[in-house]
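Breakdown of the fold
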Amino acid sequence: MPSSADLPAATGVTVPDTKLAAEATELVRDATDDLIYHHSRRVYFFGSLQGQNRGLSVDPELLYVGAMFHDLGLNEEFRGSGRRFEVDSADEARRFLQSHGVPEDSIRRVWTAIALHTTPGIPQFMEPEVALVTAGVEYDVLGIGYADISDADRASIVSLHPRPDFKQRILRAFTEGIEAKPDTTFGNVKADVLERYVPGFKRGNFVDTILDSPWQE
């Protein structure tokens, strides 16, 4: 398994050398495919670099667990849960951290970071770990802030954790992970995915929900 030691020191980012981080890596590596594993590692590295750019002081261990677990809820075993995949991912991280005796405030930060990572406009104003999981996801998936990280650092990270045909593959993973529970996309960005890739999907509409409510006028 690649390690952070393979990254040039110039990036200034390393994976925490702790038992917790090592076991998080092992769990996610075993539970997911190459696509999600490499994406999750890139989210940690890109989020960390964006933290440096923003002058944020972050707990790297919590950021790492948040990044590594953030897409675990896309796995097949969660597709019948009826809950947003972000919540399933966050709950898995919570169980993992609780099993390691991590304090509840730290668990809350990781849970929130994962649960909100597809809800733009909020995480950036919260704790650094919450802000930077989203920043890492936005960088790797959407290219937001692309020029904030140097070409050399970006190339080093992608060399360690490649992204072949990433755009199409991650969209397919999103579709497969949430198409069985389409109602969970109401009001969030994943409705765009199902609208594009699932025939017959009709997104929920906030105005219709208000107008069709049981309240009598």
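Our structure is the block above this text.
Right, let's walk through the structure included here. Every residue gets a number counted from 1 within its own chain, in the order that chain's sequence is written. In view of the model being predicted, local features appear only for residues whose pLDDT reaches at least 70, and side-chain atom pairs are presented and counted only at 80 or more, with totals across whole chains, interfaces and linings using the full set of residues. Side-chain measures were taken over the full set of non-hydrogen atoms in the model, leaving aside hydrogen atoms and water.

**Quick look at the packing of aromatic side chains**
Put simply, the rule reads: In summary, the pairing rule links any two rings of Phe, Tyr or Trp, Trp by its six-membered ring, whose centres are within 6.5 Å, and it sorts them by plane angle into stacked for under 30 degrees, edge-to-face for over 60 and tilted for everything else. Per the convention used, a helix needs a DSSP run of H or I reaching at least four residues, while a strand needs a run of E reaching at least two, with both numbered from the N terminus. Buried, partly exposed and exposed residues are distinguished by accessible area as a fraction of the type maximum, computed with a 1.4 Å probe on protein chains only: under 20%, between the cut-offs, and over 50%, respectively.
Scanning all chains against the criterion turns up 5 aromatic pairs. Taken together, a centroid distance of 5.1 Å and an interplanar angle of 35° make the contact between Phe 69 and Phe 96 tilted. Placement of the pair is Phe 69 in helix H3 (residues 60-69) and Phe 96 in helix H4 (residues 85-99), with a sequence separation of 27 residues. In terms of burial, Phe 69 and Phe 96 fall into one category: buried.

**Overview of the pattern of salt bridges**
Note the following rule: A side-chain nitrogen of Lys or Arg and a carboxyl oxygen of Asp or Glu constitute a salt bridge if their distance falls within 4 Å.
A complete count under the given rule lists 17 salt bridges for this structure. A salt bridge links Asp 88 to Lys 181; the shortest N-O distance between them is 3.0 Å. A residue pair is termed long-range when its members are at least 10 positions apart, and Asp 88 in helix H4 and Lys 181 in the loop between helix H8 (166-178) and helix H9 (190-197) qualify at 93 residues. You'll find Asp 88 and Lys 181 in the same group, each marked buried. The closest approach of N and O atoms between Glu 195 and Arg 203, which form a salt bridge, is 3.1 Å. Relative accessible area serves as the criterion here: at 29%, Arg 203 is assigned to the partly exposed category. When salt bridges that share partners are traced, they join Arg 83, Asp 88, Asp 91, Arg 94 and Lys 181 into one network.

**Remarks on the environment of Ala 131**
Inspection of the secondary structure assignment puts Ala 131 in helix H6 (residues 128-142). Separated by 24 residues in sequence, Ala 131 and Ile 107 have C-alpha atoms that sit 15 Å apart.

**Considerations on a nonpolar patch on the surface**
To keep it simple, the criterion reads: Every patch collects residues that have over 30% relative accessible area and no salt bridge, joining them within 9 Å if they carry like charges and within 5 Å if they are nonpolar side chains (Val, Leu, Ile, Met, Phe, Trp, Tyr). In this description, accessible areas are obtained by the Shrake-Rupley approach with a 1.4 Å probe, and a residue is regarded as covered only by the protein chains that are shown.
On the surface, a cluster of nonpolar side chains totalling about 540 Å² of accessible area is made up of Phe 186, Phe 206, Val 207, Ile 210 and Leu 211. Structurally, the position occupied by Phe 186 is in the loop between H8 and H9.

**Some points on the side chain of His 38**
Rules: Only heavy atoms enter the contact rule, under which two residues are in contact if any of them lie within 4.5 Å.
For His 38, the location among the structural elements is in helix H2 (residues 34-54). If near-sequence neighbours (up to four positions away) are discounted, His 38 is found in contact with Arg 29, Leu 160, His 161 and Pro 162.

**Points about the nonpolar core**
How we decide: Buried Ala, Val, Leu, Ile, Met, Phe, Trp, Tyr and Cys residues form a nonpolar core when they are joined through side-chain atoms within 4.5 Å.
The biggest cluster of nonpolar side chains holds 39 residues, and the ones touching the most others in it are Tyr 44, Phe 45, Val 65, Phe 69, Phe 96, Leu 97 and Val 110. Of all the secondary structure elements, the ones that give two or more residues to this core are helix H1 (19-31), H2, H3, H4, helix H5 (104-115), H6 and helix H7 (151-160). Here the element with the most residues in this core is H3; it accounts for 7 residues. Among residues more than four places away in sequence, those in contact with Val 110 are Leu 62, Val 65, Gly 66, Ala 93 and Leu 97. In this structure, Leu 35, Ala 191, Val 193 and Val 198 belong to the second largest nonpolar core, which totals 14 residues.

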